[in-house]
Amino acid sequence: MRHSASFLPSRKTRIIIGTLVGLFFAIPFVATTEYTFRDVDGHSTIHWANVFDPAKQAAYRPIWTGLGNSLLLMVVTVAIVLFVLAPTMILVNLRFSKLRRIFEFFALLPISIPAVVLVVGLAPIYLVVGRSMGTGAWTLAFAYGILVMPYAFRPIQAAIDSINMSTLSEAARSLGASWPKTVLRVLAPNLRQGLLYASLISVAVVLGEFTIASLLNRQNLQTALLVVSRQDPYVSVIFSLLALLLCFLLLVVIGRAGNVGSHKKGRRK
Amino acid sequence: MTAIVSPVDTERATTVTLEAVVKDFGSNRVLHGLDLEVGAGEFVSLLGPSGCGKTTALRLIAGLEQLTSGVIRMNGEDVSNIPVNRRDIGMVFQSYSLFPHLDVLQNTVFGLQMRKVAKDEANRRAMESLELVGLGEFSERFPHELSGGQQQRVALARALVTSPKVLLLDEPLSALDAKVRVQLRDEIRRLQQQVGITTVFVTHDQEEALAISDRIAVMDAGKIEQIGTPEELYGSPSSPIVAAFVGMSSLVPTSVSAGRAVIWGVEVGVVGEAPDGDYHAFVRPESIRLAEDGEPGVPGVVETSTFLGSFRRSAVRIPDGSLVVIQHPTTLSLERGDKVRLTIDNRPVVVRPIP
């Protein structure tokens with residue numbers, strides 16, 4: 001590890017890169033914020049005031065509904081990643097290593113299929129889903145589970161590759177742990193970082209998803225923003241900003257929560 | 001936990017029996033009907049080159065692999081279908097296997113938690129077990145803060161803390177450097193005798209096996225070639241494979257007639273059956289010495305001579321072209337090019353047909 005320090009860019013290079021990347025992300029954000037303060041002649045806070053104007057709440061209702069749906073979708077999708085994708089990957093890597101390549105191919109496949117095309121296949125499936133499980137917005141999570149798979153796969157696989165999973169699980173088993181205990185008590189804590197990143201990226205994807213929800217006629221945050229923007233583009237942009245902020249906060253909160261366990265370790269170092 | 005520190009508990013000590021054990025990986029048969037009996041409290045090593053099936057045999061005893069056919073018994077009871085987590089074994093692995101997210105004490109206490117031992121008692125037993133391997137003060141360290149040798153000692157404490165029926169050691173020393181390896185080897189033996197636990201030890205290092213074992217099973221190509229005490233294997237190997245693998249030997253051409261071989265004018269016995277013909281004989285360094293005047297012997301020229309502390313080891317080229325290794329006191333200083341005459345002690349030798 002020590003000699004890798006020489007490969008780090010110098011402090012100056014780091015500052016330059018940091019500034020450039022920072023600008024790249026900051027400019028649209030600042031421009032958007034500036035837009036929300038525009039008025040016929042100059043700037044004012046009128047549009048922000050509108051958001052909190054009780055008289056106009058009816059017009060903004062779709063956004064609250066959409067936001068609620070998106071949050072629910074987020075929870076279900078993350079659950080799919082943590083309780084379906086991750087255990088499957090553990091199983092594939094431990095017991096069916098010959099399937100690794102094929103599994104990776106299928107896990108990464110959705111990234112190469114545009115959402116619009118995906119919907120063509122999903123539409124008839126959702127006819128059936130609608131009949132058996134209702135047409136609630138939460139059912140979109142099944143599609144989202146597939147959509148986030150390529151993004152969630154990478155960090156989990158990287159975490160799996162970084163630990164000696166077979167020896168750890170064999171050690172746990174030899175000490176009397178059942179398979180569920182082995183996964184929960186030994187493997188999951190050591191894959192924590194990967195599971196965390198997979199969850200974060202799933203949250204980001206779900207909160208930003210528009211195409212599938214729109215084409216399957218479900219309401220989520222993004223479709224609601226579009227609806228509202230038709231009546232009042234300023235308010236729509238304000239909500240976009242707020243959504244971005246919410247997303248940012250969620251990422252921080254989840255990141256913090258996931259790091260709690262490692263603080264103890266860090267302190268003792 | 002008293003069982004760990006008490007003298008040999010013969011009632012608890014377990015016998016392990018393998019009967020006609022066969023293991024296939026796909027179409028590849030790695031164990032061809034293995035039979036092995038490990039006595040209660042005995043330390044048995046499985047020794048052999050890589051790929052001989054020794055690790056597979058150990059993993060079958062552990063329950064980490066499924067038998068293709070045959071039976072594995074502990075104290076006479078068939079355990080072949082009991083999964084690893086209920087087989088009550090302790091295992092130390094070749095690669096470091098401590099749980100990286102848990103500290104030393106938490107690692108050690110893990111097996112007791114799985115057995116639902118009350119927290120206070122579990123912690124006390126874990127501490128005792130750590131004291132036993134001399135790491136009581138390291139209980140709050142994390143695995144990455146320990147050296148390789150310390151990690152393997154914690155792994156040993158972790159494996160022993162539950163008082164398992166059998167201790168299984170899968171080349172636990174091979175990742176360590178030479179000095180630590182010898183220390184830990186002796187410590188494993190001391191602990192094993194103190195606890196009196198039946199132990200199966202897998203290694204490819206013959207010196208390790210000779211130093212540590214009650215008995216050694218030399219394996220080759222999925223079968224046990226010979227099983228016996230270290231002295232038996234070294235002194236009277238039953239086959240060329242064992243002779244070549246255990247201890248150091250020189251290959252000397254010889255011819256056998258009527259069960260006797262003649263080497264350098266000295267007639268010696270032959271181990272086992274050997275029809276008349278030409279053979280290579282395995283000759284131990286300590287069977288060869290410099291010939292006195294008048295003794296039968298063979299001339300040779302020293303090629304190398306290595307100082308090894310308490311003795312020297314020299315390689316001597318003899319006229320038929322073979323290189324013979326001898327050991328001698330450091331007072332005798334041989335140098336490259338020195339002319340010597342060698343003779344052999346009259347002990348039975350193992351022979352194999354010249355390929």
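1. Some points on the domain arrangement of chain A
Residue and element names in this part refer to chain A.
- Each assigned domain of chain A is listed here: domain 1 (8-44) and domain 2 (59-261).
- One C-alpha centre belongs to domain 1, the other to domain 2, and the line joining them spans 29 Å.
- Listed per partner, the contact involves six residues of domain 1 and six residues of domain 2.
- Taken together, both faces of the contact between domain 1 and domain 2 bury some 590 Å²; the carbon and sulfur share is 84%.
- The largest share of the area that domain 1 buries against domain 2 comes from Phe29, Tyr35 and Thr36, three residues that together contribute 74% of it.

2. Re the packing of helix α7 (residues 165-174) of chain A against helix α8 (residues 179-190) of chain A
Residues and elements named next belong to chain A.
- Where α7 contacts α8, the two axes come as close as 10 Å, and the packing angle between them is 135 degrees. Taken together, the axis directions place α7 and α8 in an arrangement best described as oblique. Seen from above, α7 lies across α8 with right-handed handedness. Where α7 approaches α8, its residues Met165, Leu168, Ser169, Ala172 and Arg173 are matched on the opposing element by Trp179, Thr182, Val186, Leu187 and Asn190.
- Along the lines of polarity and charge, the residues of the contact of α7 with α8 split into six nonpolar, three polar and one charged.

3. Some thoughts on the sheet that holds strand β2 (residues 28-38) of chain B
All names here are of chain B.
- Strand order in the open sheet formed by four strands is β2-β1-β4-β5, with antiparallel pairing between adjacent strands. One side of each edge strand has no neighbouring strand; the edge strands of this open sheet are β2 and β5 (77-78).
- The sheet contacts of helix α2 (residues 54-62) involve β1 (16-25), β2 and β4 (69-74), and relative to β1 the element is tilted by about 115 degrees.

4. A short note on the interface of chain B and chain A
- Contact residues are listed per partner, giving 29 residues for chain B and 21 residues for chain A.
- Buried surface at the junction of chain B and chain A, both sides included, amounts to about 2300 Å², of which 59% is carbon and sulfur.
- Broken down residue by residue, the surface that chain B buries against chain A is led by Asn85, His101 and Met114 of chain B, which jointly contribute 25%.
- Our count for the contact surface shared by chain B and chain A stands at one salt bridge.
- For the side of chain B that touches chain A, the elements supplying multiple residues, two or more each, are β6 (89-92), α3 (104-114) and α5 (148-160) of chain B.

Calculation rules
Residues numbered from 1 in each chain as written. Chains lettered and ligands numbered in written order. Predicted model: local features only at pLDDT ≥ 70, side-chain atom pairs only at ≥ 80, totals over all residues. Heavy atoms only, no water. Domains from an automatic or database assignment. Contact = heavy atoms within 4.5 Å. Buried area = accessible area lost by both parts, 1.4 Å probe. Axes fitted to C-alpha atoms, helices over the stretch in contact; angles between N-to-C directions. Helix = DSSP H or I, 4+ residues; strand = E, 2+ residues; numbered from the N terminus. Parallel < 35°, antiparallel > 145°, perpendicular 65-115°, else oblique. Left-handed = near helix turned anticlockwise from the far one by under 90°. Nonpolar A, V, L, I, M, F, W, Y, C, P; charged D, E, K, R; others polar. Pairing = 2+ DSSP bridges. Salt bridge = Lys/Arg side-chain N within 4 Å of Asp/Glu carboxyl O.

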